[in-house]
Amino acid sequence: MRVKYWLLVPVIASAVLFSQVKEDITYKELQAAKELYESGSVEKAKSLIEMLRSDKDKKLAEQAWYLRFKLFKDIFVPVIYKTETETGKISHYISGSSDDFTKFKKKYSKSKFIPGIEKILDESGKYFTETVNNYKDNAVFSFADSCVIEYKNDSTFAVSFEKSFADSQSHTIKISFEGKLTKYEPYGDMKDEWGSTGLLLDTDGNISIELDGVKLRVMKSPVAVMQYPEYVLRKVIEYGFSQEKTFVREDNVEQSTQFASNLNDKYIISNFDLKLLFGQMNDLVPYYSDTTDRVFPDKFKSKAYLNLKVISR
């Protein structure tokens, strides 16, 4: 009986949700997007709403923002304990749309939708936290691995992780990130005797999650990495004399994406943490390049690290 009641709640909630959306959405383009979503064409609906969020008609764009908050609120961000005894452990979850809501309030400060959106995001975060806590002992899959980032000649790069796990049957989960470089600046104002320079990487990218060959999640995840050199003094011996010279300190930099989400009706990703660790800037100095045809030299070794935990309900 407990399971039946649990299954009934989302159905009732969905009916209330779409009746409210119908009253609030007045543009036929957005009504079409809602119909696509209801029919199962989730990605098409999402693409249409994303496009309409930038429409010249401000009222249409405002409603597109609102519909996006209504329909796509199933990505959550883990909030980590900061106390000494609980450091690293997840406290609770908040909606991954919280940052977008801040932008919405700034752009549409007088919008009638603000109180409703705030309530939606708050309740969804609390509901997801409660769901994870109810099933946190039902872990079916924990995964930690790393791989080398593969750079291609067309300014794209990709990483991919694949792993099998079993509960009542065997499953395969595949996590991939594909990005295309939109901005690349290996040159900086500061250079040392070895030619080391600053580094700026900027990409458009997508994280995708597949379960048993079915793509269940596609998330836009742009990567922006800045790595600026810093002067340090080192003692060197030249011509038999010891002297201090200025060099550039070089550090690796990383981009991290962390979230949680319902994977489907059975599985929950309670923690997803993907780190892209980029190589040192001195490896991108022009004369280190192996060929002029490549954006990245072979020497520029970067790695991706993935931590993933899945529970069943």
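Here the structure is a predicted model, which means the values were calculated and not measured. (Residues numbered from 1 in each chain as written. Predicted model: local features only at pLDDT ≥ 70, side-chain atom pairs only at ≥ 80, totals over all residues. Heavy atoms only, no water.)

## Thoughts on the pairing of strand 5 (residues 156–166)
Then comes step 1: With two bridges connecting them, strand 4 (residues 150–151) and strand 5 associate as antiparallel partners. Across the sheet, the residue bridging to E150 is A158, located in strand 5.
Then comes step 2: From the end of strand 4 to the start of strand 5, which pair antiparallel, there are four residues, and S155 there has a positive phi angle of about 70 degrees. (Pairing = 2+ DSSP bridges. Helix = DSSP H or I, 4+ residues; strand = E, 2+ residues; numbered from the N terminus.)

## Considerations on the packing of aromatic side chains
Then comes step 1: Using the criterion set out here, one finds 15 aromatic pairs in the structure.
Then comes step 2: Arranged with centres 5.9 Å apart and planes meeting at 15 degrees, the rings of F141 and F143 form a pair that is stacked. For the pair shown, F141 and F143 are each scored as buried.
Then comes step 3: Measuring from centroid to centroid gives 6.3 Å for F143 and F161, while their planes differ by 75 degrees, and the two rings are edge-to-face. Taken together, the positions of F143 in strand 3 (residues 139–148) and F161 in strand 5 put the pair 18 residues apart, joining distant regions of the chain. (Phe/Tyr/Trp six-rings, centres within 6.5 Å; stacked < 30°, edge-to-face > 60°. Buried < 20%, exposed > 50% of the residue type's maximum accessible area, 1.4 Å probe, protein only.)

## Description of the packing of helix 5 (residues 98–107) against helix 6 (residues 114–135)
Then comes step 1: Remark: helix 5 packs on helix 6, axes separated minimally by 11 Å, with the N-to-C direction vectors making an angle of 170 degrees. By the angle class used here, helix 5 and helix 6 are roughly antiparallel. Residues S98, F101, F104 and K105 of helix 5 form the contact with helix 6, whose participating residues are I114, I117, E118 and L121.
Then comes step 2: For the contact of helix 5 with helix 6, the per-class residue count stands at five nonpolar, one polar and two charged. (Axes fitted to C-alpha atoms, helices over the stretch in contact; angles between N-to-C directions. Parallel < 35°, antiparallel > 145°, perpendicular 65-115°, else oblique. Contact = heavy atoms within 4.5 Å. Nonpolar A, V, L, I, M, F, W, Y, C, P; charged D, E, K, R; others polar.)

## Considering the layout of surface pockets
Then comes step 1: If you add up the space inside the second largest pocket, you get close to 380 Å³.
Then comes step 2: Taken together, 18 residues make up the lining of the second largest pocket; nearest its centre are I90, Y93, S270, N271 and K309.
Then comes step 3: For the lining of the second largest pocket, a count of residues per class yields seven nonpolar, nine polar and two charged. (1 Å grid on protein atoms, 1.4 Å probe; cavity = no way out; pocket = protein on both sides within 12 Å on 5 of 7 lines; lining within 4 Å. Points joined across faces, edges and corners; volume = space filled by probe spheres on them.)

## Points about the sheet that holds strand 14 (residues 303–312)
Then comes step 1: Pairing within the open sheet is antiparallel, and its six strands lie in the order 2-1-12-13-14-3. The two strands at the open ends of the sheet, each matched to only one other strand, are strand 2 (90–95) and strand 3. In this sheet, adjacent strand axes meet at a mean angle of 25 degrees when their direction is disregarded.
Then comes step 2: With two bridges connecting them, strand 1 (residues 75–80) and strand 12 (residues 253–262) associate as antiparallel partners. Residue I75 lies in a different strand from strand 12, and its bridge partner there is S261.
Then comes step 3: With respect to the sheet, helix 6 is in contact with strand 1, strand 2, strand 12, strand 13 (267–278) and strand 14, its orientation differing from that of strand 2 by roughly 140 degrees.

## Some words on unusual backbone geometry
Then comes step 1: Even without being a glycine, D212 presents a positive backbone phi close to 55 degrees.
Then comes step 2: Relative to the elements of secondary structure, D212 occurs in the loop between strand 7 (199–211) and strand 8 (214–220).
Then comes step 3: Among the residues examined, D212 registers a relative accessible area of 41% and is labelled partly exposed.

## Remarks on the confidence of the model for the chain
Then comes step 1: Summarising the model, the chain shows a mean pLDDT of 80, and 76% of its residues fall at 70 or more.
Then comes step 2: Summarising per-element confidence for the chain, the mean pLDDT is lowest in helix 1 (residues 2–24) (43) and highest in helix 6 (93).
Then comes step 3: Ignoring residues within four places in sequence, the model shows residues 1–19, a span with pLDDT below 50, making 11 contacts including any to other chains. (pLDDT = per-residue confidence, 0-100.)

## Quick word on the side chain of S302
Then comes step 1: Among the structural elements, S302 can be located in the loop between strand 13 and strand 14.
Then comes step 2: What S302 contacts, discounting residues up to four positions off in sequence, is C147, V148, I149, Y151, L277, F278 and G279.

## A few points about the pattern of salt bridges
Then comes step 1: Counting across every chain of the model gives nine salt bridges.
Then comes step 2: The salt bridge partner of K266 is D167, with a shortest N-O separation of 3.3 Å. Highlighted residues: K266 in the loop between strand 12 and strand 13 and D167 in the loop between strand 5 and strand 6 (170–185), separated in sequence by 99 residues.
Then comes step 3: Looking at K266, the relative accessible area reads 33%, which means it is partly exposed. (Salt bridge = Lys/Arg side-chain N within 4 Å of Asp/Glu carboxyl O.)

## Structural notes on helix 4 (residues 58–71)
Then comes step 1: Between the first and last C-alpha of helix 4 there are 20 Å, a value that for 14 residues agrees with the 20 Å anticipated at 1.5 Å per step.
Then comes step 2: By the criterion of burial, helix 4 is predominantly enclosed, with 12 of the 14 residues buried.
Then comes step 3: Looking only at helix 4, the buried set comprises L60, A61, E62, Q63, A64, W65, Y66, L67, R68, F69, K70 and L71.
Then comes step 4: For helix 4, the N-terminal cap is D57; the gap from its side-chain oxygen to the backbone nitrogen of K59 is 3.1 Å. (Expected span 1.5 Å × (residues − 1). Polar contact = N/O pair within 3.5 Å; in protein donor to acceptor, adjacent residues only side chain to side chain.)

## Regarding the nonpolar core
One recurring pattern in soluble globular proteins is that nonpolar side chains are buried together.
Then comes step 1: Grouped together as the largest cluster of nonpolar side chains are 34 residues, with contacts concentrated most on F161, I173, F272, L274, L276 and L308.
Then comes step 2: With six residues, the top contributor of residues to this core is strand 13.
Then comes step 3: With sequence-adjacent residues up to four places away left out, F161 is seen in contact with F143, D145, S146, C147, I173, K174, I175, L274, A304, Y305 and L306.
Then comes step 4: Listed in part, the 21 residues of the second largest apolar core include A33, I49, Y66 and F69. (Core = buried A, V, L, I, M, F, W, Y, C linked by side-chain atoms within 4.5 Å.)

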